[in-house]
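Working through the structure, step by step
Each chain, letter by letter, is given below.
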Amino acid sequence: MHVGDLVELDIEGVAHGGHFVARHEGRVIFVRHAIQGEKVKARITSLTSTFARADCVEVIKAAPDRVTAPCSYAHADGCGGCDFQHISLAAQRRFKANVIKEQFSRIAKMNIDVEVEEVLPTSHWRSRMEFVVSPGRRLAMHQHRSHTLIEIERCHIADERIDISKINAIKLPPGARVDVAASSEKISTVIESRENFDLVEEKVNGRLFKLNPLTFWQSHLAAPSLLAGTVREMAQLRPTDRVADLYGGAGLFTGELLSELNDEGKILLIDSDANAMTDARRNFATEPRVTVIESKVETALLKNRHELEGTNVVVLDPPRSGAGAKVLDAVIELQPRVIIYVACDPASLARDSRHLLDKGFQISLRAFDLFPMTHHIECVARFIRES
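I will try to describe carefully the structure that is included in this document. (Residues numbered from 1 in each chain as written. Predicted model: local features only at pLDDT ≥ 70, side-chain atom pairs only at ≥ 80, totals over all residues. Heavy atoms only, no water.)

**Digging into the sheet that holds strand 12 (residues 187-191)**
Here 5 strands make up an open sheet; going across it, the order is 10-9-8-11-12 and the pairing antiparallel. Both outer strands of the open sheet, strand 10 (149-151) and strand 12, are each paired with one neighbouring strand and no more. Across the sheet, the mean angle from the axis of one strand to that of its neighbour is 40 degrees, orientation sign disregarded. In the sheet, strand 8 (residues 128-133) pairs with strand 11 (residues 177-182) via 5 bridges, with the strands oriented antiparallel. Note on strand 11: the bridge partner recorded for V132 is R177. (Pairing = 2+ DSSP bridges. Helix = DSSP H or I, 4+ residues; strand = E, 2+ residues; numbered from the N terminus. Axes fitted to C-alpha atoms, helices over the stretch in contact; angles between N-to-C directions.)

**Observations regarding the packing of aromatic side chains**
Evaluation of the coordinates by the stated rule reveals 6 aromatic pairs. On the numbers, 6.2 Å between centres and 50 degrees between planes, the contact of F20 with F84 is tilted. Here F20 is found in strand 3 (residues 19-24), whereas its partner F84 is found in the loop between strand 6 (51-61) and helix 1 (89-108), with 64 residues between them in sequence. Of the residues examined, F20 reaches a relative accessible area of 1% and is grouped as buried. (Phe/Tyr/Trp six-rings, centres within 6.5 Å; stacked < 30°, edge-to-face > 60°. Buried < 20%, exposed > 50% of the residue type's maximum accessible area, 1.4 Å probe, protein only.)

**Structural notes on the pairing of strand 1 (residues 6-10)**
Judged by which residues are buried, strand 1 turns out to be one-sided: V7 and L9 face inward and are buried, whereas L6, E8 and D10, on the alternate face, are not. Sheet topology note: the strand 1/strand 5 (residues 39-47) ladder contains 5 bridges and is antiparallel. The partner of D10 across the bridge, within strand 5, is K39.

**Observations regarding the sheet that holds strand 5**
With respect to topology, 6 strands assemble into an open sheet ordered 1-5-6-4-3-2, the strand pairing being mixed. Strands at the two margins of the open sheet, each flanked by one partner only, are strand 1 and strand 2 (14-15). Pairing between strand 3 and strand 4 (residues 27-32): 5 bridges, direction antiparallel. Residue pairing across strands places F20 opposite V31, the latter belonging to strand 4.

**What about empty space enclosed by the protein?**
Scanning the model with the defined rule gives 1 cavity of 30 Å³ or more in all. Here the largest cavity is characterised by a volume of approximately 40 Å³. Around the largest cavity sit P318, P319, R320, G322, Y341, V342, A343, C344, D345, S348 and L349, which together line it. Among the elements of the structure, strand 19 (338-343) and helix 9 (346-358) are those that each provide at least two residues to the lining of the largest cavity. For the lining of the largest cavity, the element with the most residues is strand 19, which contributes 3 residues. Along the lines of polarity and charge, the residues of the lining of the largest cavity split into 7 nonpolar, 2 polar and 2 charged. (1 Å grid on protein atoms, 1.4 Å probe; cavity = no way out; pocket = protein on both sides within 12 Å on 5 of 7 lines; lining within 4 Å. Points joined across faces, edges and corners; volume = space filled by probe spheres on them. Nonpolar A, V, L, I, M, F, W, Y, C, P; charged D, E, K, R; others polar.)

**A look at the side chain of D369**
Following the sequence through the fold, D369 ends up in strand 20 (residues 361-369). If sequence neighbours within four positions are ignored, D369 has contacts with R93, K96, V116, E117, V119 and H376. (Contact = heavy atoms within 4.5 Å.)

**Here's the deal with unusual backbone geometry**
The omega angle of the peptide bond from L120 to P121 is 0 degrees, so this bond is cis rather than trans. The residue Q236 is not glycine, and still its phi comes out positive at about 50 degrees. Among the secondary structure elements, Q236 is positioned in the loop between helix 3 (223-235) and strand 15 (242-246). Positive phi is not limited to glycine here, since Y247 has a value of about 55 degrees. Along the chain, Y247 turns up in the loop between strand 15 and helix 4 (252-258). A relative accessible area of 15% places Y247 in the buried class.

**Points about helix 9**
Taking 1.5 Å as the rise per residue, helix 9 with 13 residues should run 18 Å; its terminal C-alpha atoms sit 18 Å apart, in good agreement. Along helix 9, 10 of the 13 residues are buried, which leaves the element largely enclosed by surrounding structure. Buried within helix 9 we find P346, A347, S348, L349, A350, D352, S353, H355, L356 and L357. Just downstream of helix 9, G360 is the residue with a positive phi angle, here 95 degrees. (Expected span 1.5 Å × (residues − 1).)

Don't take any of this as a statement about function, it's just geometry.
Structure below.
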C-alpha cells in the first residue's frame, strides 16, 4: 500500500476525530467523507506502521444517512474544516453519541448512555472564524492535515454576518492570520500584526462582557447562554457558596453563577491566558465577590490555598487535553460538594472521569451538538461524592 493508492473499502463504525474505520489486507484505515455501512473507493492519504488514513472519493453503495453536502468545499480535496456535512444531522448526533460511549467504555471502563442534544442553528452557527490569507491574497482554510490552502468565498458554518468577499476586497498580505468575531453587537476583524482593534461586546443572559477579539469564547451562537445555564443548573449553588472557576477565561461561568450568590458568596476565577484575564478584570472590576488570578491552574491550586479554603463548588473548563490527575487531586483536596466539568474532548473527559470515579465520585452527563457538521462535541459532567 502506498500514498495515493485507490482501495475499495467496507466502512465500519465511527472513530473519534471525524473518521470511520475500515480494514484492508489486515491494516486499519481511518476514512474521511464516508459513513458506516457504505462501500466506497478511497484514496490513501498517509501511512504509518500500524494504520493508514484515506479520503472517500467515490461512493459505491451509499448509506441511508448520506446527504449532499451543503457546502461546495466539503469534499476530499476541499476545506478541512467540516467532517460530517455528508451525513444527516440526526445521524451526526447519533455518531457523536457513539463516540462518547466508546471513549467512556475504553478509557473510563464504564458504560454510559448519553444523547447528544440538538442545538440551533445547525448552519451559520459559528461566531468566531480564523482564516489564513492565501498567496492570491484571499481568505483561505487548510485542507485536512495539510498546509495546502483552499481559497473560499463563503462558509456554510460561519455566521452569515461574516462577509468573506468584503474582507477579500482588502487584499491582505499573504500568510497573514485573520480572526473574525461576530458578537451579539457587531463584527470585529483582527488582522495579524495590526494592534488597533475594538473590544467585542457579548451579552449572555443579561450580563454584558467586553472582550479582546482574540480571547477564547464559545463559537456557537447559542453556546454561551446554553452552557452557562447548564453549569448553573448543575451546580445547584447555595447563596453563601465559595466557587472556584478553573480555566475560567473571561468569566462566562463566573458571570452566570454570581446571580445565585448573596454578598457572602465568593468566586475565585483562575486562568493563565493574559488576554482573558485582562477581560475578566475589566468585566468584574466593580464586583467585590470575584477575585481574578492570572496563573496556571495547577500552580494556583498549590500557591493560593488560603483563597481556596472553604470551596464548595468547582467548575472546570480545561483545554482539549483535559485537567489531568495533578489538578484533579488538588481539587479533591478542597472537598467540594460538587464538581462541574465542561469538556470539548470526550477522550480527555473519559480519562479524567475515571480518576474521579476511582476517588469515590459519581457522574451525570449531558452532551450538546455545539459544532454541527464537524466531529466535535461539548459535554458537561457533574460529579458528586457517592452517598
